[in-house]
Amino acid sequence: MNKDSNDNHSEEVKSNFIHLEIDKDLEENKNGGAVLTRFPPEPNGYLHIGHAKSICLNFSLAQKYGGGCNLRFDDTNPVKEDVEYVDSIQEDVKWLGFNWEKEVKFASDYFDQFYAWALLLIKAGKAYVDDQNADEIAKQKGTPTEPGTESPFRNRSVEENLDLFERMKAGEFPTGAKVLRAKIDMSSPNMHLRDPYMYRIIHQAHHRTGDKWCIYPIYDFAHGQEDFIEGITHSICTLEFKVHRPLYDWFLDQIREADENWKAKVRPRQIEFARLNLNYTVMSKRKLLELVQKDIVEGWDDPRMPTVSGLRRRGYTPESIRNFADKVGVTNRDSITDVALLESCIREDLNKKVARVNAVIDPLKLIITNYPEDQEEWVELINNPEDESMGSRKLPFSREVYIERDDFMEDAPKKFFRLTVGKELRLKGAYAITCTGIKKNEEGVIEEIYATYDPETKSGATTVTRKIKGVIHWVSAKHAVDAEVKLYDRLYNHEAPAAQKDADHLDFINPDSLQVVRAKVEPSLKDAKALDKFQFQRIGYFCVDKDSSSDKLIFNRTVALKDSWSKKK
RNA sequence: UGUCCCAUGGUGUAAUUGGCAACACGUCUGUUUUUGGUACAGAAGAGUUUAGGUUCGAAACCUAAUGGGACAACCA
């Protein structure tokens, strides 16, 4: 990966408490002025918006201080991990706009070194092999209010520990038969210091090391060393790891004490920050996986998912997500961010970037009775009033057009600026029309609307000066292209679906989170390609779905336009 | 009935480290507009969880209370 291409975007990042800490370290010349961070996902799931916050934080730190950021897979548990995730994670990080330092890193590349260090700790009398099973060890752990008791195997000789550990590695014992533990303090008020696990036996092939290993290091005996080996200066993680920090430091201190080659190396510093929470959504990999496995959504990239791939498919841009990550800030207090902030970020970005098009998502036919039967003409519309350089396009206009069912009302209040019998309004970019009548079926549902147009009011060329308040979008019936449009709403109808004592998050699934409608869209959309983004005039922002084709157009609604009219009602 | 962390408008963050609380989102008003969008102008909304203390002066420092969170996986 090329470091220089890392800043194709150089947004000013809001300052936060981590900057202050790094500034301090730099002043003390702790790492010779270097700043190297890392994003260390476990390849056991897809990245979500919470990871995106962490990614933005770590890479922006690197950018700000002229350092780098590694992408490192924390692949120490073969039973949960898979290459599928390794691939999707790299794709998502790149898509977000970040380039990691050099080649991708893997914790599994350091297994030999971890093993050598474990041997050193055993020799120093700081680690021992325990023959007990998980239950027994858990019982001896004590509780947060009671100290633990020492394992009967705690005081084995160095020779015996060495022998046993080597045989663990050699595959002499079955999965789970023995573990390697650090010898620290069973009565520590910090549970993580009560002789924590270092290695366990797992007879399972690893996606990168194959069958080379049957013992795998636990997080605490891996993460700090990974940072240390790579020369990470600041190891940024979430709040729940705060209690692990003494252990993170302890292992590295032992290693530096026991290993001449690493004595002089500066210990990386762990700094914790609060993870992102969003209302009306869940953010745990386990729950997201549950949504996928129970077919509540259509996969990890379902546009209702808070995953990076879901947001991408929904029509979010990397810029909007980066901007959002900056706006939520970085602190060490738990909080729940309103999804409205995320939505405002994507609206802000798309508003200036994306072309406006005419699309009718709930079509109602309107017949212009005084417009010649076989006549058609082309009218010109501006592509984006926010950006003149995007030019204009021509749209066919004819006697029959589709308008939005919502844009007509029989008994309209005076504040209704749209169409009602006897009222005049403008078909955007075309003519002013006056509604003359409607046709209903037996059930009273309106089937057609009739209107007359005023040829003197053609957009651009008009000499008519009277004020026409209402303007609606439309699509020529004869030229319209059919499209499937997916209207998404929040996946949950509860603000905090994962935080209820007596209920499961699945109890709060919004049954109307997806509504599929048949729309009529302007012909220029016929060849729109996957991920193309548009503003459907007066409706919202839409993105072409990956399953779309010119035979069957599919659009996903990214977000609706702000709507101060429906609020009034 | 432990240890540690946290506490600022509805929400998320600021406050140059002790000098009369700012920004964004949201909400509400207007103006412009061939999008009830955007833009622009403006408004409401916290006196910083509470009680003590230190100080000429506290959102910031100290103590306690209250509330929230983390910690007892051969997960990360």
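Residues numbered from 1 in each chain as written. Chains lettered and ligands numbered in written order. Predicted model: local features only at pLDDT ≥ 70, side-chain atom pairs only at ≥ 80, totals over all residues. Heavy atoms only, no water.

*Asks:* What is the right way to look at helix H7 (residues 223–230) in this model?
*Replies:* The periodicity of an α-helix, 3.6 residues per turn, causes residues three or four places apart in sequence to face the same way. The element H7 is largely enclosed, with a buried count of seven among its eight residues. Within H7, the full set of buried residues consists of His223, Gly224, Gln225, Glu226, Asp227, Phe228 and Glu230. Residues of H7 that are buried sit in contact with strand E1 (36–39), strand E2 (68–73), strand E3 (105–106), helix H4 (111–123), strand E8 (234–238) and helix H8 (245–258). (Buried < 20%, exposed > 50% of the residue type's maximum accessible area, 1.4 Å probe, protein only. Helix = DSSP H or I, 4+ residues; strand = E, 2+ residues; numbered from the N terminus. Contact = heavy atoms within 4.5 Å.)

*Asks:* Can you help me understand the pairing of strand E25 (residues 553–560) in this one?
*Replies:* A regular strand places its side chains so that they alternate between the two faces of the sheet. Among the eight residues of E25, seven are classified as buried, and the element is accordingly described as predominantly covered. By the bridge criterion, four bridges tie strand E21 (residues 481–488) to E25 in an arrangement that is parallel. Bridge assignment links Lys486 to a residue of E25, and that residue is Asn556. Summarising the sheet, strand E24 (residues 540–544) and E25 pair through five bridges and their orientation is antiparallel. Within E25, the position partnered with Val544 by the bridge is Phe555. (Pairing = 2+ DSSP bridges.)

*Asks:* Teacher, can you tell me more about the sheet that holds E1 here?
*Replies:* Remark on secondary structure: sheet strands pair via backbone hydrogen bonds, oriented parallel or antiparallel. One open sheet holds the three strands; their spatial order is E1-E2-E3, and the pairing between them is parallel. Lying at the two open borders of the sheet, with one neighbouring strand each, are E1 and E3. Pairing analysis gives two bridges linking E2 to E3, with the strands arranged parallel. Its bridge partner being in E3, Arg72 is matched across the sheet by Lys105. In the packing of helix H2 (residues 49–64) onto the sheet, the strands contacted are E1 and E2, and the crossing angle to E1 comes to about 160°. (Axes fitted to C-alpha atoms, helices over the stretch in contact; angles between N-to-C directions.)

*Asks:* Looking at this model, I keep getting lost on the environment of Tyr371. Mind explaining?
*Replies:* Tracing the sequence through the fold places Tyr371 in the loop between strand E12 (363–368) and strand E13 (376–382). Between the C-alpha atoms of Tyr371 and Lys80, which are 291 residues apart in sequence, the distance is 67 Å. In contact with Tyr371, not counting residues within four places along its chain, are Glu376, Glu377, Phe397, Ser398, Arg399, Tyr431 and Tyr453. Within the local environment of Tyr371, its side chain forms a polar contact with the side chain of Gln375, the two groups lying 3.2 Å apart. (Polar contact = N/O pair within 3.5 Å; in protein donor to acceptor, adjacent residues only side chain to side chain.)

*Asks:* Looking at this model, I keep getting lost on helix H6 (residues 158–170). Mind explaining?
*Replies:* Between its first and last C-alpha, H6 extends 18 Å over 13 residues, near the 18 Å set by a 1.5 Å rise per residue. Contacts made by the buried residues of H6 are with H4, strand E4 (127–130), strand E5 (179–182), strand E6 (197–201) and strand E7 (215–217). Directly beyond the C-terminal end of H6, a positive phi value near 90° is found at Gly171. (Expected span 1.5 Å × (residues − 1).)

*Asks:* Can you walk me through the sheet that holds strand E16 (residues 424–427) in this structure?
*Replies:* Pairing within the open sheet is mixed, and its seven strands lie in the order E19-E16-E17-E18-E12-E15-E20. Two strands in the sheet have a free side with no partner beyond their single neighbour: strand E19 (471–472) and strand E20 (475–476). Sheet topology places E12 next to strand E18 (residues 446–454); four bridges connect them, and they run parallel. Note that in E18 the partner of Ile368 across the bridge is Ala451.

*Asks:* Any chance you could explain unusual backbone geometry here in plain terms?
*Replies:* Backbone geometry follows two general trends: most residues other than glycine have a negative phi, and most peptide bonds adopt the trans configuration. Its identity is not glycine, yet Lys102 carries a phi of approximately 45°, on the positive side. On the basis of relative accessible area, Lys102 is assigned to the exposed category, the value being 57%. Positive phi, normally seen in glycine, also occurs at Leu531, with a value near 75°. Mapped onto the secondary structure, Leu531 falls in the loop between strand E22 (514–521) and strand E23 (533–536).

*Asks:* Sorry, what's going on with the pattern of salt bridges here?
*Replies:* A pair can form between side chains of opposite charge whenever their charged atoms are brought close. Scanning all chains against the criterion turns up 52 salt bridges. For Lys30, the salt bridge identified is with Asp25, shortest N-O distance 3.0 Å. In this structure Lys30 comes out as partly exposed when scored by relative accessible area, which is 38%. Note that Arg72 and Asp227 form a salt bridge whose closest N and O atoms lie 2.7 Å from each other. With Arg72 in strand E2 and Asp227 in helix H7, this pair connects stretches of sequence that are 155 residues apart. The buried category is assigned to Arg72, whose relative accessible area is 0%. Bridged by salt links that share partners, the residues Glu21, Lys24, Asp25, Glu28, Lys30 and Arg269 form one connected network. (Salt bridge = Lys/Arg side-chain N within 4 Å of Asp/Glu carboxyl O.)

*Asks:* What should I look at first to understand a positive patch on the surface in this one?
*Replies:* Where like charges cluster on the molecular surface, the positive patch consists of Lys415, Lys467, Lys469 and Lys568. Secondary-structure assignment places Lys467 in the loop between E18 and E19. Residue classification places Lys467 among the exposed positions, given a relative accessible area of 77%. (Patch = residues over 30% accessible without salt bridge, like charges linked within 9 Å, V, L, I, M, F, W, Y side chains within 5 Å. Areas by Shrake-Rupley, 256 points an atom, 1.4 Å probe, with all protein chains shown as cover. Lys, Arg positive; Asp, Glu negative; His and termini not counted. Charge placed at Lys NZ, Arg CZ, Asp CG, Glu CD.)

*Asks:* What exactly am I supposed to notice about the environment of Met409 here?
*Replies:* Structurally, the position occupied by Met409 is in the loop between strand E15 (400–404) and E16. Judged by its relative accessible area of 29%, Met409 falls in the partly exposed class. Taking the C-alpha atoms as reference points, Met409 and Thr420, separated by 11 residues in sequence, lie 5.4 Å from one another. Ignoring any residue separated from it by four or fewer positions in sequence, one finds Met409 in contact with Phe416, Leu419 and Thr420.

*Asks:* Explain the domain arrangement of chain A here, please?
*Replies:* Interface size, as often reported, equals the accessible area lost upon joining of the parts. We note that the domain assignment places domain 1 (17–273), domain 2 (285–353 + 483–567) and domain 3 (357–479) within chain A. For domain 1 and domain 3, the distance between their C-alpha centres works out to 64 Å. (Domains from an automatic or database assignment.)

*Asks:* What is the right way to look at the protein's contact with RNA strand B in this model?
*Replies:* Near RNA strand B lie 65 residues; those nearest to it are Met191, Arg200, Arg356, Ser459 and Lys567. Counting only the atoms of RNA strand B within 4 Å of the protein, the fraction contributed by sugar and phosphate is 61%. Take Asp74: an N or O atom from its side chain is 2.8 Å from a sugar or linking oxygen of RNA strand B. Within the backbone of Gln132, a nitrogen or oxygen atom sits 3.4 Å from a base nitrogen of RNA strand B. Partitioned by chemical class, the residues of the surface near RNA strand B number 21 nonpolar, 21 polar and 23 charged. (Near = heavy atom within 4 Å. Nonpolar A, V, L, I, M, F, W, Y, C, P; charged D, E, K, R; others polar.)

*Asks:* How do you make sense of the nonpolar core when you look at a structure like this?
*Replies:* Generally speaking, nonpolar side chains in soluble globular proteins are found buried as a group. One finds Ile49, Ile55, Val93 and Leu291 to be the most contacted residues of the largest nonpolar core, which totals 48 residues. If you list the elements that add at least two residues to this core, you get H2, E2, helix H3 (83–95), helix H9 (285–293), helix H10 (308–314), helix H11 (318–328) and helix H12 (339–353). In terms of residue count, H2 provides more of this core than any other element does, six residues in total. Counting residues domain by domain, this core receives three or more from each of domain 1 (17–273) and domain 2 (285–353 + 483–567). Excluding residues that lie within four positions of it along the chain, Ile55 makes contacts with Phe39, Leu47, Val93, Leu96 and Phe98. The next biggest cluster of nonpolar side chains, apart from the first, holds 36 residues, and it includes Tyr115, Met198, Trp213 and Phe251. (Core = buried A, V, L, I, M, F, W, Y, C linked by side-chain atoms within 4.5 Å.)

*Asks:* Looking at this structure, how should I read the packing of aromatic side chains?
*Replies:* The relation between two aromatic rings is expressed through the spacing of the ring centres and the mutual angle of the planes. All told, the structure shown has 27 aromatic pairs when counted by the stated rule. Measuring from ring centre to ring centre gives 6.0 Å for Phe111 and Trp213, while their planes differ by 85°; the resulting arrangement is edge-to-face. Taken together, the residues Phe111 in helix H4 and Trp213 in the loop between E6 and E7 connect sequence positions 102 residues apart. Of the two residues examined, Phe111 and Trp213, each falls in the buried class. Ring geometry for Trp250 and Phe251: centres 5.4 Å apart, planes at 75°, overall edge-to-face. In terms of burial, Trp250 and Phe251 fall into one category: buried. Of the aromatic side chains, those joined through ring pairs into one cluster are Tyr110, Phe111, Phe114, Tyr115, Phe165, Tyr199, Trp213, Tyr216, Phe221, Trp250 and Phe251. In this arrangement the basic side chain of Lys265 is found over the ring face of Phe228, its NZ or CZ atom lying 5.3 Å from the centre. Lying across the ring of Phe417, Lys469 places its NZ or CZ 4.6 Å from the centre. (Phe/Tyr/Trp six-rings, centres within 6.5 Å; stacked < 30°, edge-to-face > 60°. Lys NZ or Arg CZ within 6 Å of the ring centre and 35° of its normal.)

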